[in-house]
Amino acid sequence: MLTKRIIACLDVDGGRVVKGVQFENLRDAGDPAELAKAHSASGADEIVLLDISAAHERRATLLDTVRRAARQLFIPFTVGGGIRTLEDAAAVFSAGADKISINSAALADPDLIRRIALRFGSQAVVVAIDAKRCDGEADWEAYTHGGRTTSGHDAVKWAREAEDRGAGEILLTSMNRDGTGIGFDCELTRAVADSVRIPVIASGGAGGAQHFVEVFRDGHADAALAASIFHYGFSRLVDLKQEIGAQGIPVRWPC
Amino acid sequence: MIAIVDYGAGNLVSVKKALDWLGQECAITSEPAQVASATKVVLPGVGHFASTESLERTGLKQAIADSIGRGIPFLGICVGMQWMFERSQESPQTRGLGVLDGECERFPGSVKSPHVGWNQLEVEASSRLLRGVASGSFVYFTHSFRAPVTGTTVACCEYGGRFSAAVERDHLFGVQFHPEKSGEIGLKLLRNFCEF
């Protein structure tokens, strides 16, 4: 049976893993290559590395980090942050990523999705959407630049457009829930998951096993991603997957 | 030397990385001559079935066919495995290598497509490629079309019906999933292939 994926996310700044609460107050949580390997060994189904610095002078550091992490990683590996062109994407793939994740750049230049998909296949293109609840016509708007700027796009419609343009997966982050640990936004996740055919990865708000069960069962997510709950030992992946599996959600176990 | 055939579709770094990890001498190549002199040939593949047409244009298809004719072990991965069949509904005018009978087809409307993620193998005990891989093992898939279950199927997977997850005949092997992305199980399979 196709299982629900549990994805460990590494937020990286200047070659080190950090994780903030609602994108602020970052803390250092270690070396990305080491953490990626440790997560894989403890049962992560996939690793996502997001470069949140994305400052131009740090690109070389990022590629080196990707290369080091990829060398001993034999599960799917996605890299995002600061990828603006086909050439940026190609460099990240050459360094060992299997998929790239694009957010702001896709909103600014939607055809970028098609260009990367054409060269590397749709399965390699993840469109990340940072969605925030709003009072306007749309229920959720897509934000850019680490959640600082609104794009004015309806998050659900944008997900559908991204699929039409060739995205292989949607990485959907609830800005309202990110870093809170109070659970995923199941309503948002379901709204997007029910309107596209490609897999949707829920992100933002994971605090415990029950939250994963809810977002798979009620949010119709195909995968769920978390960062901080894994890094600081609040919840080991092995235990988490066992707990999720015990509640009737199909997960890859043993790994 | 193992030749990893590059026909301009997708990213072959992961396959190379896995073979490097296993200590195998290997090279990514788009040169028919290098394919012809290889001791093993791996054809990875992501993307569209139509992208395999470039194999024909560049002479790589002939080099692969010749190498297979000489008994050189061959492994097709994902679209690389689908290409071993006669054709695919994804691109009806594109001819596959045709060393296996049948046509690759799309998933039924009852399931989400593409099929992405970790799913389980139902393994035939006789498989040499899957020696040491137990039924129920999880491997990583990402594909929108699938190969039928035929006499050469050595592992099935269930997603909107059963399909071929692995095929094998003599020195010809194919896997729909990505062994280079399937953790220890995938490495075990690649190790088996390297030992043929």
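Note that the coordinates shown come from a computational prediction; the quantities given were computed from them, not determined experimentally.

Enquirer: It is not clear to me how the interface of chain B and chain A should be interpreted in this structure. Could you clarify?
Expert: For interface size, the figure often reported is the accessible area lost on association. Listed as interface residues are 27 residues of chain B and, on the opposing side, 26 residues of chain A. Among the secondary structure elements, those contributing two or more residues to the side of chain B that touches chain A are α1 (13-21), β7 (115-120), β9 (138-143) and α6 (183-195) of chain B. With six residues, the single largest contributor to the side of chain B that touches chain A is β7 of chain B. Taken together, the residues of the side of chain B that touches chain A sort by class into 10 nonpolar, 12 polar and five charged.

Enquirer: Please explain the environment of Asp-111 of chain A as it appears in this structure.
Expert: Positionally, Asp-111 of chain A belongs in helix α5 (residues 111-120). Since 10 C-beta atoms lie within 10 Å of it, Asp-111 of chain A is described here as exposed.

Enquirer: Sorry, what's going on with the pairing of strand β11 (residues 153-158) of chain B here?
Expert: The side chains of a regular strand alternate, first on one face of the sheet and then on the other. Residues and elements named next belong to chain B. Relative to β11, strand β8 (residues 122-123) runs antiparallel, the two sharing two bridges. Paired with Glu-122 across the two strands is Cys-156, which belongs to β11. With five bridges connecting them, β11 and strand β12 (residues 162-169) associate as antiparallel partners. Each residue of the ladder has a partner; that of Glu-158, found in β12, is Arg-162. The turn linking β11 back onto β12 is made up of three residues, and Gly-160 within it adopts a positive phi angle of 60°.

Enquirer: Mind showing me how you'd approach unusual backbone geometry here?
Expert: Most peptide bonds take the trans configuration, and most residues that are not glycine carry a negative phi. Residues and elements named next belong to chain B. Going from Ser-113 to Pro-114, the amide bond is cis rather than trans, its omega being 5°. Take Pro-114: it is sitting in the loop between β6 (103-106) and β7. Unusually for a residue other than glycine, Cys-78 sits at a positive phi of about 60°. Within the element layout of this structure, Cys-78 appears in the loop between β4 (74-77) and α5 (79-82). A positive phi angle, near 55°, is found at Asp-170, a position not held by glycine. Tracing the backbone through its elements, the reader meets Asp-170 in the loop between β12 and β13 (172-175). Under the C-beta neighbour-count criterion, Asp-170 is labelled exposed, with 12 such atoms within 10 Å.

Enquirer: Would you mind showing me how to read α6 of chain B here?
Expert: A turn of α-helix holds 3.6 residues, and therefore any two residues three or four places apart point the same way. Residue and element names in this part refer to chain B. The end-to-end C-alpha distance of α6 is 19 Å, a good match for the 18 Å that 13 residues give at a rise of 1.5 Å each. All buried positions along α6 are accounted for by Gly-183, Ile-185, Gly-186, Leu-189, Leu-190 and Phe-193. Across the axial projection of α6, the buried residues extend over an arc of 160°, all falling on one side. Where α6 is buried, its residues touch α1, β4, β9 and β13.

Enquirer: Explain the sheet that holds strand β3 (residues 40-43) of chain B to me, please; I cannot follow it from the model alone.
Expert: In a beta sheet, neighbouring strands pair by backbone hydrogen bonds and run either parallel or antiparallel. Strand order across the open sheet formed by eight strands is β2-β1-β3-β4-β13-β12-β11-β8 (chain B), with mixed pairing between neighbours. Every interior strand has two partners, whereas the edge strands, β2 (26-29) and β8 of chain B, have only one.

Enquirer: Before we go on, may I ask you to explain the sheet that holds β6 of chain B in this structure?
Expert: Residue and element names in this part refer to chain B. The sheet built from three strands is open, its strands ordered β5-β6-β10 with mixed pairing. Bordering the open sheet on either side are β5 (87-88) and β10 (145-146), each of which pairs with just one other strand. Pairing of β5 with β6, which is carried by two bridges, proceeds in the parallel orientation. Looking at β6, one finds that Ser-88 is bridged to Cys-104.

Enquirer: I tried to follow the packing of helix α3 (residues 86-94) of chain A against α5 of chain A on my own but got confused; where do I start?
Expert: Helix-helix packing: each pair is described by the crossing angle between the helix axes and the interaxial distance. All names here are of chain A. Across the interface, α3 lies against α5 with an axial gap of 10 Å and an inter-helix angle of 40°. Here α3 is positioned oblique relative to α5, judged by the angle of their axes. The handedness of the crossing between α3 and α5 comes out as right-handed. When α3 is examined against α5, the residues Leu-86, Ala-89 and Phe-93 are found in contact with a partner set consisting of Arg-115, Ile-116, Arg-119 and Phe-120. Counted by class, the contact of α3 with α5 contains five nonpolar, no polar and two charged residues.

Enquirer: Could you clarify how one ought to interpret α3 of chain A in this entry?
Expert: Every buried residue of α3 of chain A is listed here: Ala-89, Val-92 and Phe-93 of chain A. Burial along α3 of chain A is one-sided: seen end-on, the buried residues are contained in an arc of 100°. Those residues of α3 of chain A that are buried are in contact with α2 (59-71), β5 (77-80), β6 (99-102) and α5 of chain A together with α1 of chain B.

Enquirer: Can you help me understand the packing of helix α1 (residues 32-41) of chain A against α2 of chain A in this one?
Expert: All names here are of chain A. Interaxial distance between α1 and α2 falls to 8 Å at its minimum, and their mutual angle equals 30°. Taken as axis vectors, α1 and α2 run roughly parallel relative to one another. Classified by chirality, the crossing of α2 by α1 is right-handed. Between α1 and α2, the residues in contact are Pro-32, Ala-33 and Ala-36 and Thr-65, Arg-68 and Ala-69, respectively. Tallied by class, the residues present in the contact of α1 with α2 amount to four nonpolar, one polar and one charged.

About the criteria used
By convention here, each chain's residues receive numbers from 1 onward along its written sequence. Chains and ligands are labelled by the order in which they are written, letters from A for the one and numbers from 1 for the other. A pLDDT threshold of at least 70 governs which residues receive local features in this predicted model, and a stricter bar of 80 or more applies before side-chain atom pairs are shown or counted, although totals over entire chains, interfaces and linings include all residues. Whether two residues are in contact is decided by their C-beta atoms, placed from the backbone, lying within 7 Å. A helix here means a DSSP run of H or I that spans at least four residues, while a strand means a run of E at least two residues long, and both kinds are numbered starting from the N terminus. Under the convention adopted here, Pro, Cys and the residues Ala, Val, Leu, Ile, Met, Phe, Trp and Tyr are nonpolar, Asp, Glu, Lys and Arg are charged, and Gly plus all remaining residues are polar. Once C-beta atoms are placed from the backbone, each residue is buried if 20 or more other C-beta atoms lie within 10 Å of its own, exposed if 12 or fewer, and partly exposed for counts between those two. Strand pairing follows a simple DSSP-based rule, namely that at least 2 bridges must link the two strands. Each helix should span, by expectation, one fewer than its residue count multiplied by 1.5 Å. Note: the arc covers the axis-to-C-beta directions of the helix. The angle between two axes is taken between their N-to-C directions and runs from 0 to 180 degrees, where each axis is a line fitted to C-alpha atoms and a helix contributes only its stretch in contact. Convention used here: angles under 35 degrees read as roughly parallel, angles over 145 as roughly antiparallel, angles from 65 to 115 as roughly perpendicular, and any remaining angle as oblique. Left-handed describes a crossing in which the near helix is turned anticlockwise from the far one by less than a right angle; the clockwise case is right-handed.

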